[in-house]
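Close look at the chain arrangement
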Amino acid sequence: MTLLRSGSATDTGLVRSVNQDLAVETGTLFAVADGMGGHAGGEVAARLAVDTLTVAFGRKPTGAGLSEAVTEANRVVFEHSLDNPDLRGMGTTMTAAALVNEDGRDVIALVNVGDSRSYRFHDGQLVQVTVDHSLAEEMVRSGEISESEAAVHPHRHILTRALGVSEDVVVDLWRIQASRGDRFLLCSDGLTNELELPQIGEVLATVPDPQVAADLLVRAARTHGGSDNITVVVVDVVVGEDDEPEVPAVAAVAPDFSSPADDASSTGVVAEPGSAPREDVSVLPGPEALKPKFRDRWRARRRARRTARGRRVITVRTVLFTVLLAAIVYAAFYAVRWYDTNAYYVQVSNNELMIYHGRIGGGVLYKPVEVERTGVTVADVPAYTVSQLITGVQEDSLKAAQTYVANLVATQKAANCTQNPTAPGCTPATTVPFGSTATTTTSTGAP
Ligand code: MN
């Protein structure tokens, strides 16, 4: 026979305008969902998820049933997001605890997807049961960064698993023997980002009433920054299995089982993670793709603080994608425009040679503009160039276009004079200096 007592509290915090967190507190099922997604996405995802979870768990109130309920919640949220374009990409975290009876024993089953957390407060020690499905946590496990670095890491809000963002989800499941005096804390990251573990532990150790403890924790996180929605559920095991002598007692000191598979027998915790999380990085590229480039703690902290406000999985990627796309479009636009406008051409229009700014036939983004009427007609240029001039002759600059026209005129003039040296304006250039020199000589010598 096990009896539970619980309390819960939630707060929008000091920065966000809406609360996308949701707490569930029924007699035997407790959960925290931290929704994400623009518009109303986060709230819808969290609401759909907890509603589905509650109903599905009610049909099958076992550990496996709880895990299956999360899978069903994932499907419902995902399908809903497909049916509603406004809600595309919405998702939620889900951490839940339920009292279940398995093989005649009362057990607390815990499930998790995302970075909301479940802790067990036992014998004065606060130990995180769930494992965050965040990029930072993956990096800690692969040894790339330390736990303390992870706490301020800019990627700590990026989830590697979330509920409702893809067709399938892998659910982690733990079973813990219900022991009298145990206290379970379910919370969204809005609590753990603002408060250190000892601060949380102290509240849990000194405030017996679960509702008062939940209220105090939320208020403390608000006071310490409140940069995110804060949600807390505190569940106390008032009467537990270990009141019955035949059940072995839980080990006095719970080791830090940051990996759920650690030392299950000695703590009474049986871990059943859905699968190795490393193979499950489907939402985002793996840690290798996003290796931290910084060594500088100060900069890391600053960046972490900045990204703390941005919402994760989808949002961070969407922002990066949008910025990148905007940069590409911007660059392409200017490259094309530069290409279009960095040219001139000569073309015949109504028998006259015209100089235009732009590309022959018009550019993609720039319509050619007439810049000069040359006054030169097709009769003034060599006949063999006319068909080319009707099509247009591209030049790099206005000066080059003008030179080209002048050369055509000079060429034609030279050709005309070769054929008919006595034609007007055909005084051979070479005779002029000689003639003038002779005249000068004569005139000076005359008096
Ligand atoms: Mn949050």
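Rules used throughout
Residues numbered from 1 in each chain as written. Predicted model: local features only at pLDDT ≥ 70, side-chain atom pairs only at ≥ 80, totals over all residues. Heavy atoms only, no water. Core = buried A, V, L, I, M, F, W, Y, C linked by side-chain atoms within 4.5 Å. Buried < 20%, exposed > 50% of the residue type's maximum accessible area, 1.4 Å probe, protein only. Helix = DSSP H or I, 4+ residues; strand = E, 2+ residues; numbered from the N terminus. Contact = heavy atoms within 4.5 Å. Axes fitted to C-alpha atoms, helices over the stretch in contact; angles between N-to-C directions. Parallel < 35°, antiparallel > 145°, perpendicular 65-115°, else oblique. Left-handed = near helix turned anticlockwise from the far one by under 90°. Nonpolar A, V, L, I, M, F, W, Y, C, P; charged D, E, K, R; others polar. Pairing = 2+ DSSP bridges. Salt bridge = Lys/Arg side-chain N within 4 Å of Asp/Glu carboxyl O. pLDDT = per-residue confidence, 0-100.

This part covers the nonpolar core. A general tendency of soluble globular proteins is for nonpolar side chains to be buried together. Formed by 32 residues in total, the largest nonpolar core has its most connected members in Leu-53, Leu-66, Val-70, Met-94 and Leu-163. Among the elements of the structure, strand S2 (21–25), strand S3 (29–36), helix H1 (41–59), helix H2 (63–83), strand S5 (94–102) and strand S6 (105–113) are those that each provide at least two residues to this core. Broken down by element, the residue count for this core peaks at 8 residues, all from H1. Once residues within four sequence positions are removed from consideration, Val-70 is found in contact with Leu-53, Met-94, Val-111, Val-113, Leu-163 and Val-171.

With that settled, consider the packing of helix H6 (residues 197–206) against helix H7 (residues 210–223). At a minimum axis distance of 9 Å, the contact between H6 and H7 shows a crossing angle of 155°. In terms of orientation, H6 lies roughly antiparallel with respect to H7. The element H6 and its partner H7 pack so that their crossing is right-handed. Contacts from Ile-200, Val-203 and Leu-204 in H6 reach Ala-213, Leu-216 and Leu-217 in H7. In terms of residue class, the contact of H6 with H7 is built from 6 nonpolar, no polar and no charged.

Strand order in the open sheet made by the 5 strands is S1-S11-S10-S7-S8, with antiparallel pairing throughout. Every other strand in the sheet has two partners, leaving strand S1 (3–11) and strand S8 (125–128) as the edge strands with one partner each. With strand direction ignored, the average angle separating the axes of adjacent strands in the sheet is 20°. Across 5 bridges, strand S7 (residues 117–122) lies against strand S10 (residues 183–187) in antiparallel orientation. Bridging across to S10, Ser-118 finds its partner in Leu-186.

Inspection of the entire model under this criterion finds 14 salt bridges. Between Asp-209 and Arg-5 there is a salt bridge whose closest N-O contact spans 4.0 Å. Here Arg-5 lies in strand S1 and Asp-209 lies in the loop between H6 and H7, a separation of 204 residues in the sequence. Of the charged contacts, one joins Asp-51 and Arg-47 as a salt bridge, the two residues approaching to 3.3 Å between their closest N and O atoms. Here Asp-51 pairs with Arg-47, and both are found in helix H1, just 4 residues apart, close to one helical turn. Residue class for Asp-51 comes out partly exposed when judged on its relative accessible area of 37%. Take Arg-47: its relative accessible area is 43%, and that puts it in the partly exposed class.

Let us look at the confidence of the model for the protein chain. Low pLDDT marks stretches whose predicted atomic positions should not be read closely. The share of residues in the protein chain with pLDDT of 70 or more is 78%, and the mean pLDDT across the chain is 81. Low pLDDT (under 50) marks residues 274–298, which in the prediction has 53 contacts with non-local residues, meaning those over four places away or in another chain. A low-confidence stretch, residues 306–311 (pLDDT under 50), is modelled with 13 contacts involving residues beyond four sequence positions or located in other chains.

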